[in-house]
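Chain by chain, the residues run as shown.
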Amino acid sequence: MNTLTLANTIPGFIWAYRLRPGETKPERLPDDIDRSTLFGADGFLWLHLNLVDARVPAFLEDAPGLNEAARIALTTHETHATITVDEQMLFGTLVDFQRDFAHNTHDIGWLHFALTDRLLITTRLQPLRSLDRTRVLIEKNAARFSNPVDIFELIVVEFQRTLISVVIEISEELNGIEDFVHGNTSRDERTKLPPIRRTIVRLHRHLRTVLSLMRHAAASDDEEMPLGFEDVAARLTGRLEAVEHDVYALQERARLLHEEIDSKLASEINRHLYILSIMTAFLLPPTLVTGFFGMNTSGLPLAGGGSGTGYAVGFIIASMLLAWWLLKRVNIL
């Protein structure tokens, strides 16, 4: 007998809920529940596990209703989105946002899942924002969930809502950068914009991937997909397409803002070069005068009189006035 079957607790256990149609409260299962009771009772089960525990793959080896591909999808550490429909099962990896102990982050996380008609198993490495809100909503009203695909839909919906909140947060950050870029301030915002642009690009890339996968899954044979998934996929595709337009608009806005910052920087550099050129034009004639009178040669003018220095200063001032007149004449000043 598998030694894991005799363990006191489920490895990597985070939570487990059993939901029965018509009941308003889910049954929260303990981590030391018997394996046969966990997978064999009535209703349907949502089991959430932490992949940090290395015993999770062995625990899922003989989980009922899962084939080898689904078990691999649940225990993989790959970081790209996948959705597979096979034998009336749905399994793969979804993108989400990590949640820190103190606050939410914009860091990407990955949710692995496998769904059958009576079972939803999810696994992850880091805490995820969408899952916690899904759990709260299930505890508030379990009656709205009649099968595991309803929980799957809620997880993706919460991811979409998280995306909207992230878009709003990034929009506020871009607003702050724009205020400094277009205002009369010398603050340099170039260091703040690149991390924001990287976040937006990653979001857009992963969102496009999930959208494409959802469309392909919805186009699978009716005999292969879980009951009710076709309608769920259509609703989720519509939601994700709406937020995809917002993320794309945010990406374009960040790009234009980056170009604006580069343009402002180039204008500032040109202004500095202009000032430097004017100073050079003013100082070049006096430099020639001082260079001429500084030569250690015989017969130098004004070398024998007592007012030579005064004349030299006069020549310097005259050369500067001449340079100023010439610059005005050619419309440089």
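As annotated in an unreviewed UniProt entry, the chain carries the name Zinc transporter and is attributed to Rhizobium multihospitium. Per UniProt, the chain has the following entry under Subcellular location (unreviewed entry): "Cell membrane". Listed in UniProt under the heading Sequence similarities (unreviewed entry), the comment for the chain reads: "Belongs to the CorA metal ion transporter (MIT) (TC 1.A.35) family."

Enquirer: Is there a simple way to think about the UniProt feature "transmembrane region" (unreviewed entry) in the chain in this case?
Expert: The feature "transmembrane region" (unreviewed entry), as given by UniProt, occupies residues 273–296 and 308–327 in the numbering adopted here. The span residues 273–296 shows a helical share of 88% and a strand share of 0%, and its end C-alpha atoms are spaced 35 Å apart. Split by type, residues 308–327 is 100% helix and 0% strand. Its first and last C-alpha atoms lie 29 Å apart.

Enquirer: Would you explain the pairing of strand β5 (residues 89–99) in this entry?
Expert: Working note: regular strand, side chains alternate between the two faces of the sheet. Of all eleven residues that make up β5, ten are buried, and the element is covered over most of its length. Summarising the sheet, strand β4 (residues 82–86) and β5 pair through five bridges and their orientation is antiparallel. By the bridge assignment for β5, V85 is matched with L90. Adjacent in sequence and paired antiparallel, β4 and β5 are bridged by two residues, among which E87 carries a positive phi angle near 55°.

Enquirer: For this particular structure, what's the right way to read a nonpolar patch on the surface?
Expert: A cluster of nonpolar residues, Y274, I275, M279, L283, V330 and I332, forms a patch on the protein surface that exposes about 550 Å² of accessible area. Structurally, M279 can be placed in helix α7 (residues 229–293). Residue classification places M279 among the partly exposed residues on the basis of a relative accessible area of 46%.

Enquirer: What should I look at first to understand the pairing of strand β3 (residues 44–50) in this one?
Expert: Counting buried positions along β3 gives seven out of seven residues, so the element sits mostly inside the fold. The two faces of β3 match: F44, W46, H48 and N50 on one face and L45, L47 and L49 on the other face are all buried. Relative to β3, strand β1 (residues 13–19) is paired through six bridges, and the arrangement is antiparallel. Following the sheet pairing, Y17 is matched in β3 by W46. The sheet contact formed by β3 and strand β7 (residues 119–124) spans six bridges and is parallel. The residue of β7 that forms the bridge with H48 is T122.

Enquirer: What's the story with the sheet that holds β5 in this structure? I'm lost.
Expert: Two pairing modes exist for strands in a sheet, parallel and antiparallel, and in both the strands are linked by backbone hydrogen bonds. Pairing within the open sheet is mixed, and its seven strands lie in the order β2-β1-β3-β7-β6-β5-β4. Of all the strands in the sheet, the pair left with one neighbour each is β2 (27–28) and β4. Sheet topology places β5 next to strand β6 (residues 104–115); nine bridges connect them, and they run antiparallel. Looking at β6, one finds that R99 is bridged to N104. Helix-sheet contacts for helix α4 (residues 129–140) involve β1, β2, β3, β5 and β6, and the interaxial angle to β5 is about 110°.

Enquirer: Looking at this structure, I do not really get the layout of surface pockets. What am I missing?
Expert: One water molecule sets the probe size; rolling that probe over the atoms shows where empty space is left. The space that makes up the second largest pocket amounts to roughly 190 Å³. Along its surface, the second largest pocket is lined by 13 residues, and Q88, T116, D117, P226 and L227 are the ones closest to its centre. Grouping the amino acids of the lining of the second largest pocket by side-chain chemistry returns seven nonpolar, four polar and two charged.

Enquirer: I keep staring at empty space enclosed by the protein and nothing clicks. Help me out?
Expert: Inspection of the entire model under this criterion finds two cavities of 30 Å³ or more. Taken together, L94, V95, D96, L111, S130, I155, V156, F159 and V210 form the lining of the largest cavity. For the lining of the largest cavity, the secondary-structure elements that each account for two or more residues are β5 and α5 (148–182). For the lining of the largest cavity, the residue count by class is seven nonpolar, one polar and one charged. For the second largest cavity, the calculated volume is near 30 Å³. Breaking the lining of the second largest cavity down by element, the ones donating at least two residues are β6, β7 and α5. The class makeup of the residues in the lining of the second largest cavity is six nonpolar, one polar and no charged.

Enquirer: Honestly, the pattern of salt bridges in this entry has me stumped. Any pointers?
Expert: Counted by the stated rule, this structure contains 16 salt bridges. When the shortest N-O distance is used, the salt bridge between E139 and R28 registers 3.3 Å. Of this pair, E139 sits in helix α4 while R28 sits in strand β2, and the two are 111 residues apart along the sequence. Looking at R28, the relative accessible area reads 47%, which means it is partly exposed. For E268, the salt bridge goes to R271, with nearest N and O atoms at 2.8 Å. Pair noted here: E268 and R271 are both in helix α7, with a separation of three residues, about one helical turn. Judged by its relative accessible area of 33%, E268 is partly exposed. In the salt-bridge network here, residues are joined through shared partners; they are R20, E27 and D42.

Cut-offs used in this document
- Numbering of residues starts from 1 in every chain and runs along the sequence as written.
- Two thresholds apply to this predicted model, a pLDDT of at least 70 for residue-level local features and 80 or more for giving and counting side-chain atom pairs, whereas whole-chain, interface and lining totals are computed over all residues.
- Neither water nor hydrogens contribute to the side-chain values; these are computed over all heavy atoms in the structure.
- UniProt positions are given in the numbering used here, feature names are shortened, and annotations may be inferred rather than shown by experiment.
- Counting from the N terminus, the helices are DSSP H or I runs at least four residues long and the strands are E runs at least two residues long.
- Burial classes follow relative accessibility: with a 1.4 Å probe on protein chains only, a residue under 20% of its type's maximum area counts as buried, one over 50% as exposed, and anything between as partly exposed.
- Following DSSP output, two strands are said to pair if at least two bridges run between them.
- Residues enter patches when they are more than 30% accessible in relative terms and free of salt bridges; like-charged ones are connected within 9 Å and nonpolar ones (Val, Leu, Ile, Met, Phe, Trp, Tyr) within 5 Å.
- For accessible areas, the Shrake-Rupley method is used with a probe of radius 1.4 Å. Any residue's cover is judged against the shown protein chains and nothing else.
- Whenever Lys or Arg places a side-chain nitrogen within 4 Å of a carboxyl oxygen from Asp or Glu, that contact is recorded as a salt bridge.
- Any two residues whose heavy atoms approach within 4.5 Å at even a single point are treated as in contact.
- Helix axes are fitted to C-alpha atoms over the stretch in contact, other axes to C-alpha atoms as well, and angles between N-to-C directions run from 0 to 180 degrees.
- Every definition here rests on a 1 Å grid over the protein atoms only: cavities are sets of points where a 1.4 Å probe fits but cannot get out, pockets are open sets enclosed by protein on both sides within 12 Å along at least five of seven lines, and lining residues have some atom within 4 Å of a point.
- Grid points are joined across faces, edges and corners, and a volume is the space filled by probe spheres set on the points.
- Residues are grouped as follows: Ala, Val, Leu, Ile, Met, Phe, Trp, Tyr, Cys and Pro are nonpolar; Asp, Glu, Lys and Arg are charged; every other residue, Gly included, is polar.

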